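Below are the chains, spelled out letter by letter.
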Protein chains: 2
Amino acid sequence: MSAKIKDVAAAAGVSVATVSRALGSGPVSAALRQRVEEAAKQLGYRPNLSARRLRSQHTQTVGLIVSDIRNPFFTAVSRAVEDAAYQAGMRVILCNTDENPDKEAMYLRLMEEERVSGVIFSPTRDTARRLRPDAYDFPVVMIDRAGPAGQADAVVLDNRLAARQLVEHLVAQGYRHIGGLFGNTSSTGAERHAGFEAALAAHGLAGEGRFIAPTAEAAEAVVTQWLAEEQRPDALIASNGLLLLGALRALQRAGLSSPHDLALAGFDNEVWTGLVGNGLTVIEQPVYEIGRTAMEMLLSRLDDPGLSIRSVVLAGRLLVRGSTSPHPSA
Amino acid sequence: MSAKIKDVAAAAGVSVATVSRALGSGPVSAALRQRVEEAAKQLGYRPNLSARRLRSQHTQTVGLIVSDIRNPFFTAVSRAVEDAAYQAGMRVILCNTDENPDKEAMYLRLMEEERVSGVIFSPTRDTARRLRPDAYDFPVVMIDRAGPAGQADAVVLDNRLAARQLVEHLVAQGYRHIGGLFGNTSSTGAERHAGFEAALAAHGLAGEGRFIAPTAEAAEAVVTQWLAEEQRPDALIASNGLLLLGALRALQRAGLSSPHDLALAGFDNEVWTGLVGNGLTVIEQPVYEIGRTAMEMLLSRLDDPGLSIRSVVLAGRLLVRGSTSPHPSA
DNA sequence: AGCCAAAATGTAATCGATTTCAATTGCTAC
DNA sequence: GTAGCAATTGAAATCGATTACATTTTGGCT
């Protein structure tokens, strides 16, 4: 079994308290500190974090609960969160819920048992709505999705603006029959839909938004059917990377291409969106900044719990590529 | 502050030992168990995992140390590991090293301090070589990459075979001047290179393999230069998804396309490989199975530490797509 | 009813660290 | 030389659970 603090104390000829202080940040004479460090290294001493956490009553741990770890958006965010966390001397527990409210509940319970310092969370719409701000002993920062305003700290994209940017761009390019695909489990989908509708209305246009399960398969099926309908749209917007992927696959399977048969645009600047054809027009999210900001918000709230609830809203960036070049008839 | 076991005991009118047993798996009468459960729910009791781990001396935690969480291969593997872990009642700590030996050392140290039950690890070549099997108190299962044979449990792809399959396929399609890009930080790169060379030699061909940093940027730069050389290869193999991405970008930037100007093939069936042009020919790795198997190996070794060291070698699957259709001159 | 083994419950030790509080040491100043 | 004070060090309590061991209760059997 590995060495304990008692062994180090014995080896260095001091008390356990001195060892704790020498290895930590207590007041210890230079001579003793050196003796202790030497003994610790000699014995290969590793402090037991469970014991430390139990006694000190802070875990230096944050939970990061994301809805889909395979989504590059969340892996990028989690990289940022981890970088910031380790820089602040904290650890991260990464949890993946698959958009499943049961898993969300399970992981939140786990976070309580771990006595985490705080949680960064991208909840499903149901959970976001249900979540009471004071239900937990730790602060929660929402990312990507937010509940009712003022409920908890959050850092999100300006979803309405981003959707509007896409619509404006398509309209400017001459498209008039614009369809939209939106995820039906997140508040994000709803907000992007709202921006979509508002922008179309501003131009006196009526678009058709469809809410579907947030998977590429669902999107592919829906779009395949959509393309076969009488009134095929001349442009399509997908509200996240997975839906965009499904839409693209449906196009390819139908032997259609962008922008020739149909303009295609969406959210998330995933690696492949720059590779296919002449590129897909997308809204790029400031992924790293989202993660870093979430961690910063969490740290500052831990520092001062009295702060009032804040929402940070970040703007996306429209990347215009070939899939939305001017409408053929224009 | 949240309720402790003592509070539950008081509320239920029993001793703390009884609470522990009732909530755990001790012998308790049905009546008491119910009373305890009620009291626990009433108080919103959450056991403190730090205290439990300290006393019980097992953490039910495994560490998963991967070299790049943005690589879809590792996110898929980590999904599998987490699924299997939670099914076995264990938690996962996910760590990301960026192929950086210092970070590897840091995280291994963290694993010791966490007193994890075991670790699943994709080490850099340097660390794999240095790692002593008995250096840690916990078992280690290597994934994707392995050190010297018999050093630790491992689950890996049959890299030589997979590289050979690619070369055989290209040769059969009529290609003769085959270049290869291999990562220079992992044993995987070296093995795939060995299979590459061996397969070419078997046909009396001499290929050129280049070892580079495992990033898309490095691959793009190298391939861009390569394409400008006098003796341009007629086919290119990339030993992982990132390198393949870089190679593809270099082709696109040079205004070339596959297979017309150059055949392109590689490892990892990433989402975009099926989308670009007529698709890229790749070796698909059984990603989920790799993760699940690694977790199973770890669990069985924890169950019986006396087991002899095992390596599980899984075969990849060649997915033939448009990027390697027959050589124009054939 | 009486006895014994088995089952249920309680008491107290324990895990390995940090932290409180007390004791000691070393200086400075008079 | 010693009082006073700050800086070090040590002894022991403590964090919140599990578990070894002791004790009580239960139930079966004669």
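Being a predicted model, the structure only gives us computed values, none of them experimental. All residue numbers here refer to positions counted from 1 along the written sequence of the relevant chain. Lettering of chains starts at A and numbering of ligands starts at 1, both following the order in which they are written. The model is predicted, so local features are restricted to residues of pLDDT at least 70 and side-chain atom pairs to those at 80 or more, both for listing and for counting; the totals for chains, interfaces and linings are taken over all residues. In computing side-chain values, all of the structure's heavy atoms are included and hydrogens and water are not.

So, the overall build of chain A
Here is step 1 of the chain: When helices and strands are counted, chain A shows 12 helices and 12 strands.
Here is step 2 of the chain: Both definitions apply: the radius of gyration is a C-alpha atom measure, and the globule rule equals 2.2 Å times residues to the power 0.38. Since a compact globule built from 330 residues should have a radius of gyration of about 20 Å, the 25 Å found for chain A marks it as more spread out than a globular shape.
Here is step 3 of the chain: In terms of its C-alpha atoms, chain A occupies a principal-axis envelope of roughly 85 × 40 × 30 Å.
Here is step 4 of the chain: Counting only residues that meet the buried cut, chain A has 54% of its 330 residues in that class.
Here is step 5 of the chain: Note on definitions: a residue-residue contact is assigned when non-hydrogen atoms from the two residues lie within 4.5 Å. Look at the contacts in chain A between residues 6 or more apart in sequence, and 68% of them connect residues 24 or more apart.
Here is step 6 of the chain: When the accessible surface of chain A is split by element, carbon and sulfur atoms take 51% of a total near 14200 Å². Going along the chain from the N terminus, every DSSP run of H or I of four or more residues is numbered as a helix, and every run of E of two or more is numbered as a strand. Under the scheme applied here, a residue whose accessible area is under 20% of the maximum for its type counts as buried, over 50% as exposed, and between as partly exposed, the area being computed with a 1.4 Å probe on protein chains only. In short, Shrake-Rupley with a 1.4 Å probe defines the accessible areas, and a residue's cover is counted only from the protein chains shown.

Quick look at the protein's contact with DNA strand C
Here is step 1 of the chain: If you check the shell around DNA strand C, you find 25 residues, and the closest are I5 and S20 of chain A together with T18, R21 and R55 of chain B.
Here is step 2 of the chain: Here, DNA strand C places atoms within 4 Å of the protein, and 61% of those atoms are sugar or phosphate.
Here is step 3 of the chain: Contact distances for DNA strand C include 3.4 Å between a base nitrogen and a backbone N or O atom of A51 of chain A.
Here is step 4 of the chain: A 3.5 Å cut-off defines polar contacts: any pair of N or O atoms within that distance qualifies, except that in protein one atom must be a possible hydrogen donor and the other a possible acceptor, and neighbouring residues in sequence count only when both atoms are side-chain atoms. Separating a base oxygen of DNA strand C from a side-chain N or O atom of R55 of chain A is a distance of 2.9 Å.
Here is step 5 of the chain: Breaking the surface near DNA strand C down by element, the ones donating at least two residues are α2 (16-23) and α4 (49-56) of chain A together with α2 (16-23) and α4 (49-56) of chain B. Distances are taken per atom, and a residue is near a molecule or strand as soon as one of its heavy atoms is within 4 Å of it.

Focus: the protein's contact with DNA strand D
Here is step 1 of the chain: As a structural note, the neighbourhood of DNA strand D is formed by 25 residues, with T18, R21 and R55 of chain A together with I5 and S20 of chain B the closest of them.
Here is step 2 of the chain: At 3.1 Å, a backbone N or O of S15 of chain A approaches a phosphate oxygen of DNA strand D.
Here is step 3 of the chain: With respect to DNA strand D, the side chain of Y45 of chain B contributes an N or O atom lying 3.1 Å from a phosphate oxygen.
Here is step 4 of the chain: Secondary-structure elements contributing two or more residues to the surface near DNA strand D are α2 and α4 of chain A together with α2 and α4 of chain B.
Here is step 5 of the chain: Per element, the largest residue contribution to the surface near DNA strand D is 4 residues, and it comes from α4 of chain B.
Here is step 6 of the chain: Under the convention adopted here, Pro, Cys and the residues Ala, Val, Leu, Ile, Met, Phe, Trp and Tyr are nonpolar, Asp, Glu, Lys and Arg are charged, and Gly plus all remaining residues are polar. Its residues assigned to classes, the surface near DNA strand D shows 11 nonpolar, 7 polar and 7 charged.

Brief notes about the pattern of salt bridges
Here is step 1 of the chain: Salt-bridge detection follows one rule: a side-chain nitrogen of Lys or Arg within 4 Å of a carboxyl oxygen of Asp or Glu. For the coordinates displayed, the defined rule picks out 34 salt bridges over all chains.
Here is step 2 of the chain: Here D98 of chain A makes a salt bridge to R79 of chain B, at a shortest N to O gap of 3.0 Å. In this pair, D98 of chain A is assigned in the loop between β2 (91-96) and α6 (101-114) and R79 of chain B in helix α5 (residues 72-87), connecting two distinct chains.
Here is step 3 of the chain: Among the residues examined, R79 of chain B registers a relative accessible area of 11% and is labelled buried.
Here is step 4 of the chain: Of the charged contacts in the structure, one is a salt bridge between R210 of chain A and E229 of chain A, with a shortest N-O distance of 3.1 Å.

Thoughts on the domain arrangement of chain A
Many descriptions give the size of an interface as the accessible area lost when the pieces come together.
Here is step 1 of the chain: The source of the domain bounds is an automatic or database domain assignment. With domains assigned, chain A is organised as domain 1 (5-54), domain 2 (61-157 + 287-315) and domain 3 (159-285).
Here is step 2 of the chain: Each of domain 1 of chain A and domain 3 of chain A was reduced to a C-alpha centroid, and the two centroids are 60 Å apart.

Observations regarding empty space enclosed by the protein
Any empty space left between the atoms is revealed when a probe the size of a water molecule rolls over them.
Here is step 1 of the chain: Method remark: on a 1 Å grid restricted to protein atoms, a set of points is classed as a cavity if a 1.4 Å probe fits but cannot get out and as a pocket if it is open with protein on both sides within 12 Å along at least five of seven lines; lining residues have an atom within 4 Å of a point. Grid points are joined across faces, edges and corners, and a volume is the space filled by probe spheres set on the points. For the structure shown, the criterion picks out 1 cavity of 30 Å³ or more.
Here is step 2 of the chain: Considering the residues around the largest cavity, the lining is formed by 14 residues, among which R53, I93 and E114 of chain A together with I93 and E114 of chain B are closest to the centre.
Here is step 3 of the chain: Counting only elements with at least two residues in the lining of the largest cavity, the list comes to β2 of chain A together with β2 (91-96) of chain B.

Some points on the environment of E113 of chain A
Here is step 1 of the chain: Mapped onto the fold, E113 of chain A is located in helix α6.
Here is step 2 of the chain: On the accessibility criterion, E113 of chain A (13% relative accessible area) is buried.
Here is step 3 of the chain: The spatial distance from the C-alpha of E113 of chain A to the C-alpha of A12 of chain A is 36 Å, given a sequence separation of 101 residues.
Here is step 4 of the chain: Look past the residues within four positions of E113 of chain A in its chain and what remains in contact with it is R46, P47, N48 and L49 of chain B.

A look at the nonpolar core
Here is step 1 of the chain: Nonpolar cores are built from buried Ala, Val, Leu, Ile, Met, Phe, Trp, Tyr and Cys residues. Side-chain atoms within 4.5 Å join them into one set. By size, the foremost hydrophobic cluster in this structure holds 53 residues, and its most contacted members are L181 of chain A together with L181 of chain B.
Here is step 2 of the chain: Contributions of two or more residues to this core are made by α10 (216-228), β8 (235-238) and α11 (241-253) of chain A together with α10 (216-228), β8 (235-238) and α11 (241-253) of chain B.
Here is step 3 of the chain: Not counting residues within four places of it along the chain, the set of residues in contact with L181 of chain A comprises R210, I212, A219, V222, V223, W226, I237, A238, S239, L243 and A247 of chain A.
Here is step 4 of the chain: Listed in part, the 46 residues of the second largest apolar core include M90 and L314 of chain A together with A85 and A294 of chain B.

Here we look at the relation of the copies chain B and chain A
Here is step 1 of the chain: Take chain B, turn it by 180 degrees, move it 0.0 Å along the axis, and it overlays chain A with an RMSD of 0.1 Å. Accordingly, the operation relating the two chain copies is best matched by a two-fold axis. A least-squares superposition brings the copies together, and it is based on the C-alpha atoms of residues with pLDDT no lower than 70 in both.

Some details on the interface of chain B and chain A
Here is step 1 of the chain: Across the contact, 38 residues belong to chain B and 38 residues belong to chain A.
Here is step 2 of the chain: Accessible area, probed at 1.4 Å, shrinks when two parts are joined; the buried area is that loss added up over both. Across the chain B/chain A interface, buried area totals approximately 4100 Å², and carbon plus sulfur atoms make up 53% of it.
Here is step 3 of the chain: Ranking the residues of chain B by area buried against chain A places R46, R79 and L275 of chain B at the top, with a combined share of 17%.
Here is step 4 of the chain: Our enumeration of links across chain B and chain A arrives at 8 salt bridges.

Side note on α6 of chain A
Residues and elements named next belong to chain A.
Here is step 1 of the chain: Multiplying 1.5 Å by the residue count of a helix minus one yields the expected span of that helix. Taking 1.5 Å of rise per residue, 14 residues should cover 20 Å, and α6 covers 20 Å from first to last C-alpha, within 8% of that figure.
Here is step 2 of the chain: All of the buried residues along α6 are E104, Y107, L108, L110, M111, E112, E113 and E114.
Here is step 3 of the chain: Two or three places before D102, at the opening of α6, N100 has a side-chain oxygen 2.8 Å from that residue's backbone nitrogen.

Some words on the packing of α10 of chain B against α11 of chain B
Residue and element names in this part refer to chain B.
Here is step 1 of the chain: Only the stretch in contact is used when fitting a helix axis, every axis being a line fitted to C-alpha atoms; angles between N-to-C directions are given from 0 to 180 degrees. Where α10 meets α11, the axes come as close as 7 Å, and the angle between the chain directions of the two elements is 45 degrees. For the element pair α10 / α11, the angle class is oblique. Regarding α10 and α11, the two cross each other, and that crossing is right-handed. Contacts between α10 and α11 involve A216, A219, E220, V223, T224 and L227 on the former and, on the latter, L242, L243, L245, G246, A247, R249, A250, L251 and R253.
Here is step 2 of the chain: Looking at the contact of α10 with α11 residue by residue, the classes come out as 10 nonpolar, 2 polar and 3 charged. Angular relationships are summarised with four words: roughly parallel below 35 degrees, roughly antiparallel beyond 145, roughly perpendicular across 65 to 115, and oblique for the angles in between. With the far helix as reference, a near helix turned anticlockwise by less than a right angle produces a left-handed crossing, and one turned clockwise produces a right-handed crossing.

Considerations on unusual backbone geometry
Here is step 1 of the chain: In this structure, P259 of chain A follows S258 of chain A across a cis peptide bond, with omega equal to -5 degrees.
Here is step 2 of the chain: Mapping P259 of chain A onto the fold places it in the loop between α11 and β9 (263-267).
Here is step 3 of the chain: Even without being glycine, D98 of chain B reaches a positive phi, approximately 55 degrees.

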